[in-house]
Amino acid sequence: MLLLAFTLQVQSPPPPPRPELQPNQPAEMDATVVVTGKSLPSTREALEKCLATKCPSKEDIAKSLAYAEVQFMSGDYKGSRKTLLAARHRNANQASSLPYDVARLHRALSRITRLNGIAINPRVNAADAVYALRAGLPAASPAIFAQRLEVGDELAREGRLNGALQHYDWVAREAGKAGLKASTGMAYLRSAILLTAVAAEQPPYRNRAMAAVTRIMKLEGSDMLPFRNAARALQIQIVPEQDRASIAARLAPEMELGDDGQQMLVYAPMIDTSRMPFGSAAGEEAPAYADISFRVMPDGRVTDVTPITVTQTVRPIWVEAITKALAERRYTPRRAKAGDGGMLHLERYSFVSPLIADSGSRMPRRSPTREINTTDLTAAIPDR
């Protein structure tokens, strides 16, 4: 489910000039990626048949998620949310027998709601998914700990640094008691990533960030290799910007090559919005988004950053800022075979104007600032 692979970056740009508002029709660009999948009519018909025959909840949820995903991919964010709201209303009480399925509904609904610019309490939505998993899984299930980490992620997005760090440490401690090394490693890594991101802007946090990195480097065993590599790469972000290139060059030979083909994102610079005039978003209900493809090479570098589909309300300068940030990403390395051309990825960047209260009126209005929301569409690429 593509809607489950979602991250958020909230940007506060300076007051910009008003943009030209144009029809929200996708502008197809030269593409090297072909996204395939079921059509909108076929997924809608499948869901309608399911509901007409009062199909089991598991089938209802699966078909609802499939239809909502195609709606999202086609740019119908409002319709996607409506589909998921109805599915959750029908099936939320099935958590004890279908914990994974109901948790997926909670997560997907939370994320598409944010993409519609509707105010929500994301911690509550993330916690709903935790409760759904707890209703039908053992207390020490890795899935529960993974979902609990998302609660910490939402605390971080709200700017509650200490709350997020305390939550990550709690997850690491409880996962350690349960003998779940991978869950512990992921909790440690979340703390390190958050602290290094803060340290990049606030140097007094560099010692705490380095301590978080050192804690990960002490994890032993081949199963902890991805976390150690991620910790090595995070050191690039801790140092001042002018020193990052030399640190990256020094750390590259120290990376441990894994055999599972998985590469973890370890460095993603903030998108520079100083060159991204947004203008007034008043009246812009239709989604504005850009789908961008790129390749992650075996050594962790990013190449071939290419815009694929860009709606006409998205300014070229917005896309330029995103492609620049993408090109500077770094992933953990992997063992490469002869002729390895890297792994193809696809991400959607949605520029959302949140609905906010308007003084003197009960009708909400669109904020003049935007949130940049990233959705990983890589699963939609049939052959990479």
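A. Broad picture of the packing of aromatic side chains. Within this structure, the stated rule accounts for three aromatic pairs. An aromatic cluster of at least three residues, connected via ring pairs, comprises Phe72, Tyr77 and Tyr289. Sitting over the face of the ring of Phe72, Arg348 holds its NZ or CZ atom 4.9 Å from the ring centroid.

B. The packing of helix H4 (residues 99–115) against helix H6 (residues 142–157), seen in detail. Relative to each other, H4 and H6 sit at 15°, their axes nearing to 12 Å. When the axes of H4 and H6 are compared, the pair comes out roughly parallel. The two elements H4 and H6 cross, and the hand of that crossing is left-handed. Every residue of H6 that contacts H4 at Tyr100, Arg107, Arg111 and Arg114 is listed here: Ala143, Gln147, Glu150, Glu154 and Arg157. Looking at the contact of H4 with H6, its residues break down into two nonpolar, one polar and six charged.

C. Looking closely at the state of the cysteines. Evaluated as defined, the whole model comprises one disulfide. Covalently, Cys50 is tied to Cys55 through a disulfide, its sulfur atoms 1.6 Å apart. The S-S bond linking Cys50 to Cys55 shows a torsion near 55°; that makes this disulfide right-handed.

D. Quick look at the pattern of salt bridges. All chains considered together, the criterion is met by 17 salt bridges. For Glu347, the salt bridge goes to Arg329, with nearest N and O atoms at 2.9 Å. Taken together, the positions of Glu347 in strand S7 (residues 343–352) and Arg329 in the loop between helix H12 (316–327) and strand S6 (330–331) put the pair 18 residues apart, joining distant regions of the chain. When its relative accessible area of 9% is taken as the criterion, Arg329 is described as buried.

E. Representation of unusual backbone geometry. In this structure, Lys54 is a non-glycine residue whose phi angle is positive, near 55°. Position of Lys54 among the secondary structure elements: in the loop between helix H1 (40–52) and helix H2 (57–73). When its relative accessible area of 76% is taken as the criterion, Lys54 is described as exposed. Located in the positive-phi region is Asp304, a residue other than glycine, with phi close to 50°.

F. Focus on helix H7 (residues 161–177). With 17 residues, H7 extends 25 Å between its outermost C-alpha atoms, agreeing within 8% with the 24 Å of an ideal straight helix rising 1.5 Å per residue. Those residues of H7 hidden inside the fold are in contact with H6, helix H8 (181–201) and helix H9 (206–217). Of the residues trailing H7, Gly179 is marked for its positive phi of about 75°.

G. Up close: the nonpolar core. Counting residues in hydrophobic clusters, the biggest one holds 30 residues, and the most contacted among them are Leu189, Leu194 and Ile216. Listing elements by their share of this core, those giving two or more residues are H6, H7, H8, H9 and helix H10 (225–238). Here this core takes eight residues from H8, the largest share from any one element. Contacts of Ile216, omitting those with residues within four sequence positions, involve Tyr188, Leu189, Ala192, Phe227, Arg228 and Ala231. The next biggest cluster of nonpolar side chains, apart from the first, holds 29 residues, and it includes Ile61, Tyr77, Ala87 and Ala103.

H. Examining H1 more closely. The terminal C-alpha atoms of H1, which comprises 13 residues, lie 18 Å apart, in line with the 18 Å expected from a rise of 1.5 Å per residue. Among all positions in H1, only Thr43, Leu47 and Cys50 are buried. In a view along the axis of H1, the buried residues occupy a sector of 60°, so they form one face of it. Facing away from the buried side of H1, by more than 90 degrees, are the exposed residues Lys49 and Ala52. Where the residues of H1 are buried, they touch H2 and helix H3 (77–91). Lys54, located one to two residues past H1, shows a positive phi value of around 55°.

I. Up close: the environment of Ala233. Among the structural elements, Ala233 can be located in helix H10. Look at Ala233 and you get buried, because its relative accessible area is 3%. It is 9.4 Å that separates the C-alpha atoms of Ala233 and Val213, two residues lying 20 residues apart in sequence.

J. Structural view of the packing of H9 against H10. Running from amino to carboxyl end, H9 crosses H10 at an angle of 160°, the nearest separation of the two axes being 8 Å. Put simply, H9 runs roughly antiparallel to H10. The crossing of H9 and H10 is left-handed. Across from Arg206, Ala209, Met210, Val213, Ile216 and Met217 in H9, the residues of H10 making contact are Phe227, Arg228, Ala231, Arg232, Leu234, Gln235 and Ile238. Split into classes, the residues belonging to the contact of H9 with H10 amount to nine nonpolar, one polar and three charged.

Analysis parameters
- Residues numbered from 1 in each chain as written.
- Predicted model: local features only at pLDDT ≥ 70, side-chain atom pairs only at ≥ 80, totals over all residues.
- Heavy atoms only, no water.
- Phe/Tyr/Trp six-rings, centres within 6.5 Å; stacked < 30°, edge-to-face > 60°.
- Lys NZ or Arg CZ within 6 Å of the ring centre and 35° of its normal.
- Axes fitted to C-alpha atoms, helices over the stretch in contact; angles between N-to-C directions.
- Helix = DSSP H or I, 4+ residues; strand = E, 2+ residues; numbered from the N terminus.
- Parallel < 35°, antiparallel > 145°, perpendicular 65-115°, else oblique.
- Left-handed = near helix turned anticlockwise from the far one by under 90°.
- Contact = heavy atoms within 4.5 Å.
- Nonpolar A, V, L, I, M, F, W, Y, C, P; charged D, E, K, R; others polar.
- Disulfide = S-S within 2.5 Å.
- Salt bridge = Lys/Arg side-chain N within 4 Å of Asp/Glu carboxyl O.
- Buried < 20%, exposed > 50% of the residue type's maximum accessible area, 1.4 Å probe, protein only.
- Expected span 1.5 Å × (residues − 1).
- Core = buried A, V, L, I, M, F, W, Y, C linked by side-chain atoms within 4.5 Å.
- Arc of directions from axis to C-beta.

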